[in-house]
Amino acid sequence: MSTRNLDALFEPSTIALVGASNRPGSVGAVLARNLFEGGFQGPILAVNPHERAIRSTLNYRSVAELPLAPDLAIISTPPQAVPGIISELGERGCRAAVVITAGFGEGDRADGQELKQAMLDASRPHLLRIVGPDCLGFMSPHIGINASFAHLTPQSGDIAFITQSGAMATSVFDWASARGIGFSHIVALGSMCDVDFGDLLDYLALDGRTRAVLLYVEAITHARTFMSAARMASRTKPVVVVKAGRSAAGAKAALSHMGALAGSDAVYDAAFRRAGMLRVQTSNELFQAVGTLDTGIRVRGDRLAILTNGGGLGVLAVDQLADVDGRLAVLSDETIACLDKILPAPWSHANPVDILGDASGERYAAALEILLKADEVDATFVLNCPTAVADSLDAAQAVVKTWEGRRSPVLTCWLGEGAAVEARRLFADRKLPSFESPEQAVQAFGHLLRYRRNQLLLVQTPPSVSDLISIDHAKAEAIIDAVLADDRTVLTEPEAKELLSAFGIPTVESFVARDPVEAARFAERLDGLVVLKIVSPDIMHKSDVGGVVLNLASPAAVAQAATDMLETIRQKAPNARIDGFSVQPMIRWPGAHELILGIAEDATFGPVIVFGQGGTAVEVIGDRTVALPPLNPVLAHDMIERTRVARLLRGYRDRPATDLEAIALTLVKLSHLVVDLDRVAELDINPLLAGANGVIALDARVVVRSRGTTRRPLAIRPYPRELEQEVETKSGRHFALRPIRPEDERALAHMLEQSSQNDVRLRFFAPRRQFGHGFSARLTQIDYDREMALVALDPGAAEVLGVVRLISDPDGGSAEFAIMVRSDTQGVGLGHCLMLSILDYARQRGVGRVFSDVLLENRAMLHMAEKLGFRVGRLGGESSVKVELDLDASTTSDRRG
């Protein structure tokens, strides 16, 4: 992942078109027409070995003949020539190229793959970035670049569009042109041999001309870098994505339920959600969603009020509302009483608020005023259908006048033509969302809901559960070692339960018997009914072969069931090895639910966690959700809420509510297992019995990796526990240092509150007295893949006494640091220890240079920087200086401050 030299793509001073042509209808001719007619103000240099001029402009026969070094090259030549052209361009100082040409391994052709590698090898010595190959091209309308073979030039606007499909791009241009929608940039990525979604999201996140980003995705490469860039971008502006295809190519035959239950499209959905992006299903939805988000309105909840002059229209909207997980707001007695005072007696007296077909603008305004003030309403949808007894435009003007100056979200739908067209234009001018049908408007409300939910997940502060989780890593690793030493990859049920117990997941007590006689003896120890299960390394789904018997009432019944079970399995699985029987108490929890939890591995995003309704019919029920690890309690609860069974878990009729906290904690424990045990390939707990008093795993299956195989990396870097350490300052004081965690939000805010106003100003370059959730969450909920913050605490305590932060650029070549020690802890050497620790971390990550801006009056920081070997460069007349350190030239000094 890198944004290096992407400025040459987006802001070139000179462009070369290699493969320009005068032949009518050729790609080279269309590219030349679009480039020369696009309005670009810099030189455009055409290259063709056979032409004297291209579109009346002097042509050059080779890259070597070019009078200027191009920043950007557009290449449309036979594929065999491209590696050599890239090499020539790099030698001339070109920094970016868009390769239109196909034939670089599409469909996995070996000769094309070799060409692609040769092209990349030619680019690397020059750090020349490549968009494509096999792509439509690149456009930046605001500076007049149309380096594509599209049939039209899009309007200039503030939406960036990144797509893997040229055909999708051209159809979107048509759609957008008819609606007056413009673009800041359009990039067709094609085969993504170099520049990919992550690179462009990193660049566009900081692009001032782009207010929203649209993605058309067919596949993601480099999942971790994509997630890192996507999470950063979606914190700064709306990112809306449409994913093509529900591909089964990534699915594989899995030994456990989990492989079938995850499903690659569901994993993409989980990734987009975790990144704070909004996923939609169609190109129409794509622009509808970004148009709604671009108005700036946001909803605070899912309760919608509908204000209409036609009852039937309101009913249509209500029908759609359930499909987007919205709720019809239940109007309070107070709100109904207020509406009674201003509406005719026949009004609906409920939501939808039908104010009748003769509703004037004044009536609309009065009703809307009441709904906007109602605490039970999160958003209002205003509908109008044309009638002969009322003026639709008057109603629209009244709605606009009532809404202006408020933050309350309002959506509108004026049906028909004529006055409705004028009304929609009025709404558009005032940035009030307007839609052509009730269904579209409610769908837009759903977009706002999903976007809000995903954005909240980015910044919601989880509670600390570290004191509730106890892990025996040595025990877990020993279990896996023993299985692999036995030349197996599948754990028996007792082994699987032991592995779960090592991570604190409650399991049912089990005894392993070698034969029916021993099984009967174990049954004598148990009170009540007994469960008997076969133990075999070759049988994953025991119930499929008669390997489970429930409700056995006596030792004799257990012995007989064991004998019968052996006979049945000999018939159904004659080659299965039998290690014995598992004898367990029959767990009966009235009102409990059977759930499934598990781990699978996705071909793109690596390990994923699956949760849903369990039992033997789990595949038939199909109620599950997928999430990317690592999980915290907030994300775990979100997983639960995304399933249908969640409504049952909250209790109904005479069934008590399930202990949701226990389920969430089990998901978090499972997440720790994913992070810590990279040798676990697949796992499912089915069923996990969940009741009012907790959870217990009744059965589990685990598959580990055979020796010599490795798993794909996690898409999101987990908490780096290996960085936890204890340091001693020269004053002899000890501190615990560890990476910051999201649950440190309150402790970090407390540190700032306990510091002097001057120290806060020196750290943030401005006075600050309030440290609210948004501010503190940004500092504590970091992406460990590109940012690190180490906090210092007294050993065994929870108060944050100091923090040092390092934020890398997307290339990872340089990073900016910041440091602060609580005012009453300064002078003991803690700052020095923090700086040494973060510099060591930067070296380990391959960072070449660290820097920071420091206020001139911050003498203590400047003194420490000089002591550590930083260069201090003062800018004339400035109130701050830049301190820089080249890490490859520096050495680690005494770790004590």
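Everything quoted here is computed from the prediction, not taken from an experiment. (Residues numbered from 1 in each chain as written. Predicted model: local features only at pLDDT ≥ 70, side-chain atom pairs only at ≥ 80, totals over all residues. Heavy atoms only, no water.)

**Concerning the packing of helix α22 (residues 633–641) against helix α24 (residues 660–676)**
For the pair α22 and α24, the least separation of the axes is 9 Å and the interaxial angle reads 115°. Considered as vectors, α22 and α24 are oriented roughly perpendicular to each other. The hand of the α22/α24 crossing is right-handed. Listed contacts from α24 to P633, A636, H637, M639 and I640 of α22 are L660, E661, I663, A664, L667 and V668. Of the residues belonging to the contact of α22 with α24, the class tally is nine nonpolar, one polar and one charged. (Axes fitted to C-alpha atoms, helices over the stretch in contact; angles between N-to-C directions. Helix = DSSP H or I, 4+ residues; strand = E, 2+ residues; numbered from the N terminus. Parallel < 35°, antiparallel > 145°, perpendicular 65-115°, else oblique. Left-handed = near helix turned anticlockwise from the far one by under 90°. Contact = heavy atoms within 4.5 Å. Nonpolar A, V, L, I, M, F, W, Y, C, P; charged D, E, K, R; others polar.)

**What about helix α10 (residues 283–294)?**
Between its first and last C-alpha atoms α10 spans 16 Å; for 12 residues at 1.5 Å apiece the expected length is 16 Å, and the two agree. Every buried residue of α10 is accounted for by E285, L286, F287, Q288, A289, V290, T292 and L293. Just beyond α10, the residue with positive phi is G296, at close to 90°. (Expected span 1.5 Å × (residues − 1). Buried < 20%, exposed > 50% of the residue type's maximum accessible area, 1.4 Å probe, protein only.)

**A few points about the sheet that holds strand β21 (residues 511–513)**
Strand order across the open sheet formed by four strands is β21-β24-β22-β23, with antiparallel pairing between neighbours. The sheet is open, and its two edges are formed by β21 and β23 (548–552), each paired on a single side. Between one strand axis and the next, the sheet turns by 25° as a mean value, whatever way the strands run. The strands touched by helix α20 (residues 555–572) are β22 (530–535), β23 and β24 (580–585); relative to β22, the strand with the most contacts, the crossing angle is about 30°. (Pairing = 2+ DSSP bridges.)

**Some words on the pattern of salt bridges**
All told, the structure shown has 57 salt bridges when counted by the stated rule. With a closest N to O distance of 2.9 Å, R712 and E601 form a salt bridge. Pair noted here: R712 is in the loop between β30 (700–704) and β31 (725–728) and E601 is in strand β25 (residues 593–602), with a separation of 111 residues, a long-range link. With a relative accessible area of 37%, R712 lands in the partly exposed category. (Salt bridge = Lys/Arg side-chain N within 4 Å of Asp/Glu carboxyl O.)

**Observations concerning the nonpolar core**
I74, F161, L215, F226, F381, W414 and F605 are the most contacted members of the largest nonpolar core, which totals 145 residues. When residues in this core are grouped by element, the largest group, seven residues, is from helix α16 (residues 438–459). Setting aside chain neighbours within four positions, we find F381 in contact with L304, A305, I306, L307, A317, L411, T412, C413, P438, A441 and V442. F771, V821, V847 and L887 belong to the second largest nonpolar core, which has 55 residues in total. (Core = buried A, V, L, I, M, F, W, Y, C linked by side-chain atoms within 4.5 Å.)

**Section: the sheet that holds strand β9 (residues 145–148)**
Sheets are built from strands that pair by backbone hydrogen bonding, the pairs being arranged parallel or antiparallel. Across the sheet, seven strands lie side by side as β9-β8-β11-β10-β12-β13-β14; this open sheet has mixed pairing. Both edges of this open sheet fall to β9 and β14 (278–280), since each of them pairs with a single strand only. For this sheet, the mean inter-axis angle between neighbouring strands, taken without regard to orientation, is 20°. Pairing of strand β13 (residues 239–243) with β14, which is carried by three bridges, proceeds in the parallel orientation. Within β14, the position partnered with V242 by the bridge is V280.

**A closer look at the side chain of R274**
One can find R274 in helix α9 (residues 264–274). For the buried R274, no salt bridge is present, and the opposite-charge side chain at shortest range is D638, 8.6 Å distant. Excluding its chain neighbours within four sequence positions, the residues that come into contact with R274 are M227, R231, L458, L628, P629, P630, L631, L635 and I716. (Lys, Arg positive; Asp, Glu negative; His and termini not counted.)

**Some details on the packing of aromatic side chains**
Each aromatic ring pair is characterised by the separation of its centres together with the angle its planes make. Going through the model one piece at a time under the given rule, you end up with 15 aromatic pairs. Centroid distance W414 to F427: 5.1 Å. Interplanar angle 75°. Geometry classified as edge-to-face. Taken together, the residues W414 in strand β19 (residues 410–414) and F427 in helix α15 (residues 419–429) connect sequence positions 13 residues apart. In this structure, W414 and F427 share a single accessibility class: buried. A centroid spacing of 5.9 Å and a plane angle of 50° characterise the contact between F771 and F775, whose relative ring orientation is tilted. By way of ring pairs, the aromatic residues F161, F173, F183 and F287 are connected into one cluster. Lying across the ring of Y268, K243 places its NZ or CZ 4.6 Å from the centre. Geometry around Y719 places R741 over its ring, the cationic atom sitting 5.2 Å from the centre. (Phe/Tyr/Trp six-rings, centres within 6.5 Å; stacked < 30°, edge-to-face > 60°. Lys NZ or Arg CZ within 6 Å of the ring centre and 35° of its normal.)

**Quick word on the environment of V490**
Within the secondary structure layout, V490 lies in the loop between α17 (473–485) and α18 (493–502). Note: C-alpha distance between V490 and E682 (192 residues apart in sequence) is 9.5 Å.

**Structural notes on the pairing of β22**
Summarising burial for β22: six of the six residues are buried, a large majority. Of the two faces of β22, both are covered, the one formed by V530, L532 and I534 as well as the one formed by V531, K533 and V535. Bridge count for β22 against β23 is three bridges, and the pairing is antiparallel. When the bridges of β23 are listed, L532 appears paired with V549.

**Let's talk about the packing of helix α14 (residues 392–403) against α15**
Direction vectors running N to C along α14 and α15 enclose 15°, while the axes themselves pass 8 Å from each other. One finds that α14 runs roughly parallel with respect to α15. Judged by the twist between their axes, the crossing of α14 over α15 is right-handed. Seen from α14, the contacting residues are S392, L393, A396, Q397, V399 and V400; seen from α15, they are A419, E422, A423, L426 and F427. Tallied by class, residues from the contact of α14 with α15 come to eight nonpolar, two polar and one charged.

**A few points about the state of the cysteines**
Disulfide: a covalent bond formed between the sulfur atoms of two cysteine residues. Enumeration according to the criterion identifies zero disulfides in this entry. No disulfide involves C94; its sulfur sits 14 Å from that of C193, the nearest cysteine. Cysteine C385 remains unbridged, with the sulfur of C413 as its closest cysteine sulfur at 9.6 Å. (Disulfide = S-S within 2.5 Å.)

**Here's the deal with helix α7 (residues 223–236)**
Taking 1.5 Å per residue as the helical rise, α7 with its 14 residues ought to reach 20 Å, and the 20 Å between its terminal C-alpha atoms agrees with that figure. The buried count for α7 comes to 10 of 14 residues, which makes it a mostly enclosed element. Restricting attention to buried positions, one finds in α7 the residues A223, T225, F226, M227, S228, A229, A230, R231, A233 and S234. Structurally, α7 contributes buried residues whose contacts are with α6 (197–205), β13, α9 and α16.

**A look at unusual backbone geometry**
Cis geometry is adopted by the peptide bond preceding P133, which originates at G132 and carries an omega value of 0°. For P133, the position within the fold is in the loop between β7 (129–131) and β8 (137–140). Geometrically, the link from N351 to P352 is a cis peptide bond, its omega value of 10° lying close to zero. On the secondary structure map, P352 appears in the loop between α12 (333–342) and β17 (353–354). Unusually for a residue other than glycine, H349 sits at a positive phi of about 55°. Residue placement: H349 occurs in the loop between α12 and β17.

**Considerations on the environment of V545**
Among the structural elements, V545 can be located in the loop between β22 and β23. Placed 160 residues apart in sequence, V545 and R705 show a C-alpha to C-alpha distance of 25 Å. Apart from residues lying up to four places away in sequence, V545 is in contact with I539, T568, I569, K572 and A573.

**Some remarks on the environment of D684**
With respect to the helices and strands, D684 occurs in strand β28 (residues 680–691). On a C-alpha basis, the gap between D684 and L793 in space is 38 Å, while along the polypeptide they are 109 residues apart.

**Details of a negative patch on the surface**
A cluster of acidic side chains, namely D319, D323, D325 and E439, defines a negative patch on the protein surface. Turning to its location among the elements, D323 is positioned in the loop between α11 (311–321) and β16 (327–328). For D323, a relative accessible area of 60% gives the class exposed. (Patch = residues over 30% accessible without salt bridge, like charges linked within 9 Å, V, L, I, M, F, W, Y side chains within 5 Å. Areas by Shrake-Rupley, 256 points an atom, 1.4 Å probe, with all protein chains shown as cover. Charge placed at Lys NZ, Arg CZ, Asp CG, Glu CD.)

**Side note on the pairing of strand β1 (residues 15–18)**
Neither face of β1 is open: one carries I15 and L17, the other A16 and V18, and all of them are buried. Relative to strand β5 (residues 72–75), β1 is paired through four bridges, and the arrangement is parallel. Residue pairing across strands places A16 opposite A73, the latter belonging to β5. Note that β1 and strand β2 (residues 44–47) share four bridges and pair parallel. Among the inter-strand pairings, V18 is bridged to a residue of β2, identified as V47. On the question of chirality, the crossover connecting β1 to the parallel β2 by way of helix α2 (residues 27–37) is right-handed. (Right-handed = clockwise from strand over helix to strand, strands pointing away.)

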